[in-house]
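# Understanding the architecture of this molecule
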Amino acid sequence: MAEAVPGLGAYARTVVRLHPRPGAPDISSSHIGGPVLWPADEPWPHCSDPKYSEQNRHKTPDRPVAMVPVAQLAAADFPEIVFPAGTDLAQILWCPSHHPTWGYAPAFRLIWRDSSTVTAPLAAPPTPHLIGDADYVPRPCVLHPERVIEYPWHEELPKDLRDKLEEWEAGESLYQYMLSIVPGCKVSGGMSWEVTDMGALPPCDACGAPLKLLLQLDSCEWSTDAQGLRWAPLEDRHLEFATPEHNRAHEPTGLQISRYSHGGFFVCSTAPEHPATFFTQ
């Protein structure tokens, strides 16, 4: 793309495809789903508004619902992530229920942790007594990080480059759907915004600085249409469609984000400890 469209190379960026696969991740490792490194004497996060789940709307149970671990990312594995001083783990948990007030996303917590302070870890996370949507409970997955190059969503680019891309594409939308944004679960980079258009992302609520993508979660790792020719890993292209082996590679986490789409956790670009935001498509 950098050769095809002069000037585009300046916008190339490295992202980390996570390539999750169902497994039994270690409590201290980077992974999706499964247990996280949590002090046994620290209160577990709970959702105080479970009434918003689709199956339990307008019915508030007697006790709040325990959040479920979504992902744990270690600084040792991801130098691309800027961790707050004194921390080396990013832990994301959310409520396993649909929350209309959050858009098509559950309420979540992002915790930055110093792993060296966890001397007596919790053996296993508590099991929620109410799961409003099983699609929000990820399968435990080990990760196989791979650094790749992506280019920004077309709305991120200046107009002169968008005009060059439009001329090069000749009406085929190759850049937007196949040659720019990396799909699947990944760290860093950007998201595609084909549902809502990108518009202007809101700034950090705390300080007004621009937001940046920390982690993207996707309902599948690659498309099954023509886009799949670009993004399906070479190791998985021999798999027959809809077989158990194909499904484990194509939809490893079992998550369904929004309407079988994707979403991203965005953090402040200058102070990642500021409140995070989750956007979906």
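What this report covers is the structure whose coordinates are included nearby.

## Digging into the sheet that holds strand β11 (residues 186-187)
Spatially, β10-β1-β11-β12-β13-β14 is the arrangement adopted by the six strands of the open sheet, whose pairing is antiparallel. Across the chains shown, the open sheet's two edge strands, defined by having one partner strand only, are β10 (146-150) and β14 (277-280). Here β11 pairs with strand β12 (residues 211-218) via two bridges, running antiparallel. When the bridges of β12 are listed, K186 appears paired with Q216.

## Some details on the state of the cysteines
Taken as a whole, this structure holds zero disulfides when the rule is applied. Here C204 stays unpaired: no disulfide links it, and the sulfur of C268, its closest cysteine neighbor, is 3.8 Å away. The class for C204 is buried, based on a relative accessible area of 4%. Cysteine C268 remains unbridged, with the sulfur of C207 as its closest cysteine sulfur at 3.5 Å.

## A short note on the environment of L217
Mapped onto the elements, L217 comes out in strand β12. Taking the C-alpha atoms as reference, L217 lies 5.7 Å from H262; in sequence the two are 45 residues apart. If we ignore the near neighbours within four places in the chain, the residues touching L217 are I32, V70, W94, C185, L255, I257, H262, G263 and F265.

## A word on the nonpolar core
Grouped together as the largest cluster of nonpolar side chains are 30 residues, with contacts concentrated most on L18, W94, L215 and L217. Elements that contribute at least two residues to this core include exactly β6 (68-74), β7 (89-94), β8 (108-113), β12 and β13 (262-268). Ranked by the residues each element gives to this core, the list is headed by β6, at four residues.

## Things to note about unusual backbone geometry
Look at H19: it is not a glycine, yet its phi comes out positive at around 45°. If you trace the backbone, H19 turns up in the loop between β1 (13-17) and β2 (21-22). At D197, a residue that is not glycine, the phi angle is positive and equals roughly 70°. Relative to the helices and strands, D197 is located in the loop between β11 and β12. Residue class for D197 comes out partly exposed when judged on its relative accessible area of 48%.

## Concerning the packing of aromatic side chains
Using the criterion set out here, one finds eleven aromatic pairs in the structure. Between W38 and W44, the ring centres sit 4.8 Å apart and the planes meet at 55°, which makes this aromatic pair tilted. Pair check on accessibility: W38 and W44 agree, each one buried. Where W193 meets F266, the ring centres are 6.3 Å apart and the plane angle is 40°; that geometry is what we call tilted. Within this pair, whereas W193 is found in the loop between β11 and β12, its partner F266 is found in strand β13, the two being separated by 73 residues in sequence.

## As for the sheet that holds β8
Within the open sheet, the six strands sit side by side as β2-β9-β3-β6-β7-β8. Their pairing is antiparallel. Because the sheet does not close on itself, it has two edges, and the strands there are β2 and β8. In this sheet, strand β9 (residues 141-142) lies alongside strand β3 (residues 31-32) in antiparallel orientation, the contact comprising two bridges. Bridging across to β9, H31 finds its partner in V142.

## A closer look at the layout of surface pockets
Computed from the structure, the second largest pocket encloses a volume of approximately 240 Å³. As for the second largest pocket, its lining consists of R17, H19, E146, V148, I149, R230, W231, A232, P233, L234, E235 and R237. Going through the elements one at a time, β10 and α3 (228-231) are the ones with two or more residues in the lining of the second largest pocket. Ranked by residue count, the leading element in the lining of the second largest pocket is β10, at three residues.

## Structural notes on the pairing of β12
Among the eight residues of β12, seven are classified as buried, and the element is accordingly described as predominantly covered. Here β12 pairs with β13 via seven bridges, running antiparallel. The partner of K212 across the bridge, within β13, is V267.

Definitions and limits used
- Residues numbered from 1 in each chain as written.
- Predicted model: local features only at pLDDT ≥ 70, side-chain atom pairs only at ≥ 80, totals over all residues.
- Heavy atoms only, no water.
- Pairing = 2+ DSSP bridges.
- Helix = DSSP H or I, 4+ residues; strand = E, 2+ residues; numbered from the N terminus.
- Disulfide = S-S within 2.5 Å.
- Buried < 20%, exposed > 50% of the residue type's maximum accessible area, 1.4 Å probe, protein only.
- Contact = heavy atoms within 4.5 Å.
- Core = buried A, V, L, I, M, F, W, Y, C linked by side-chain atoms within 4.5 Å.
- Phe/Tyr/Trp six-rings, centres within 6.5 Å; stacked < 30°, edge-to-face > 60°.
- 1 Å grid on protein atoms, 1.4 Å probe; cavity = no way out; pocket = protein on both sides within 12 Å on 5 of 7 lines; lining within 4 Å.
- Points joined across faces, edges and corners; volume = space filled by probe spheres on them.

Distances and angles like these do not, on their own, reveal function.
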